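Coordinate analysis (summary)
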Amino acid sequence: MEVLARQLTEKIMLTGNVDDHKKEIIQYALELCISTIILIFSIQLLSFILFRKLDGMIFILFFVPIRLFSGGFHASTYLKCYFSSLAMFSVIAVAAERLLIQNTVLKISVIILGFVFVYCRAPHINKNHPISERMVQINRKRLRITMIFIVPLFEIVFLWNKHYGMIAFYAIVMAVLLFALAESRLGSYLEKL
């Protein structure tokens, strides 16, 4: 992945349209894009092979926006991130099948309480990936918009299909838990591993 990103960066730099001091930024952005595409493809493939066909899409739809704008726990390498993300998706897919929660008020309450916790403290800034104060404010606004849309979207998905509703519920809960983990001392310790 790093090699491919480096090669693509070199090709971009050869055009002469980019300043040399942006080379590392471009390479890092390409690494993130490549790793994200590979992860999304892998989750979809795993979903198609082992679970229901839409499990992966529902997981990505609810998990990624919260994670993207709130920050949270980060694995120390792409490989650890990749395998832990696949494991999280698998656990959520199995939990959605085996641990069906019928009480809608309970589910909505858990989501709203999780969102209040995340919103009051977000975004979590990883020391290895610091962001500017301007990006903190932008991410807060994006997180607010995301949360406004996710609660009714969750209800629509749950009314459409209870299994996919549970995937959405557990994906939201997992994103909140990863945020809480990052905010804890345990998260700081685990990020070093």
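Read on for a plain summary of the structure.

This next bit is on the overall build of the chain. Assigned secondary structure in the chain consists of eight helices and zero strands. Beginning at the N terminus, the succession of helices and strands in the chain can be written as α-α-α-α-α-α-α-α. Looking at the chain as a whole, 38% of its 193 residues qualify as buried. In the chain, once contacts between residues fewer than 6 apart in sequence are set aside, the share between residues at least 24 apart is 75%. Counting every atom, the chain has about 11,600 Å² of accessible surface; 68% of that belongs to carbon and sulfur.

Closest axis-to-axis distance for the helix α3 (residues 55-70)/helix α4 (residues 78-98) pair is 11 Å, and the angle between their directions is 110°. Taken together, the axes of α3 and α4 are roughly perpendicular relative to one another. Every pair of crossing elements has a handedness; the one defined by α3 and α4 is right-handed. Residues Asp55, Gly56, Phe59 and Phe63 of α3 pack against Met88, Phe89, Ile92 and Ala93 of α4. Of the residues assigned to the contact of α3 with α4, the class counts are six nonpolar, one polar and one charged.

Enumeration according to the criterion identifies eight aromatic pairs in this entry. Measuring from centroid to centroid gives 4.9 Å for phenylalanine 59 and phenylalanine 63, while their planes differ by 15°, and the two rings are stacked. A residue pair is termed a helical-turn pair when its members lie 3 or 4 positions apart in one helix, as phenylalanine 59 and phenylalanine 63 do in helix α3 at four residues. Phenylalanine 63 carries the same exposure label as phenylalanine 59, and that label is buried. Taking 5.2 Å as the distance between ring centres and 20° as the angle between the ring planes, the aromatic pair formed by tryptophan 160 and tyrosine 164 counts as stacked. Taken together through their ring pairs, the aromatic side chains of Phe154, Phe158, Phe169 and Tyr170 make up a single cluster.

Secondary-structure assignment places leucine 45 in helix α2 (residues 23-50). Here the alpha-carbon distance between leucine 45 and glycine 56, two residues eleven residues apart in the chain, equals 8.2 Å.

Closest axis-to-axis distance for the α3/helix α6 (residues 133-160) pair is 9 Å, and the angle between their directions is 160°. Taken as axis vectors, α3 and α6 run roughly antiparallel relative to one another. Note on packing geometry: the crossing formed by α3 with α6 is left-handed. Where α3 approaches α6, its residues Ile58, Leu61, Phe62, Pro65, Ile66, Leu68, Phe69 and Ser70 are matched on the opposing element by Asn139, Arg142, Leu143, Thr146, Ile150, Leu153, Phe154 and Val157.

Along the polypeptide, arginine 67 turns up in helix α3. Take arginine 67: its relative accessible area is 17%, and that puts it in the buried class.

Taking 1.5 Å as the rise per residue, helix α5 (residues 104-121) with 18 residues should run 26 Å; its terminal C-alpha atoms sit 26 Å apart, in good agreement. For α5, the secondary structure elements touched by its buried residues are α3, α6 and α7 (162-183). Its side-chain oxygen placed 3.0 Å from the backbone nitrogen of valine 105, asparagine 103 serves as the N-cap of α5.

The next point concerns the nonpolar core. With 43 residues, the main nonpolar core has Phe59, Phe62, Phe63 and Phe154 as its most contacted residues. Among the secondary structure elements, those contributing two or more residues to this core are α2, α3, α4, α5, α6 and α7. Take this core: its biggest share by element is 14 residues, from α7. Among all residues touching phenylalanine 62, those that are not within four sequence positions of it are Ile150, Leu153, Phe154, Val157, Ala168, Ala171 and Ile172.

Cut-off values and rules
- Residues numbered from 1 in each chain as written.
- Predicted model: local features only at pLDDT ≥ 70, side-chain atom pairs only at ≥ 80, totals over all residues.
- Heavy atoms only, no water.
- Helix = DSSP H or I, 4+ residues; strand = E, 2+ residues; numbered from the N terminus.
- Buried < 20%, exposed > 50% of the residue type's maximum accessible area, 1.4 Å probe, protein only.
- Contact = heavy atoms within 4.5 Å.
- Areas by Shrake-Rupley, 256 points an atom, 1.4 Å probe, with all protein chains shown as cover.
- Axes fitted to C-alpha atoms, helices over the stretch in contact; angles between N-to-C directions.
- Parallel < 35°, antiparallel > 145°, perpendicular 65-115°, else oblique.
- Left-handed = near helix turned anticlockwise from the far one by under 90°.
- Nonpolar A, V, L, I, M, F, W, Y, C, P; charged D, E, K, R; others polar.
- Phe/Tyr/Trp six-rings, centres within 6.5 Å; stacked < 30°, edge-to-face > 60°.
- Expected span 1.5 Å × (residues − 1).
- Polar contact = N/O pair within 3.5 Å; in protein donor to acceptor, adjacent residues only side chain to side chain.
- Core = buried A, V, L, I, M, F, W, Y, C linked by side-chain atoms within 4.5 Å.

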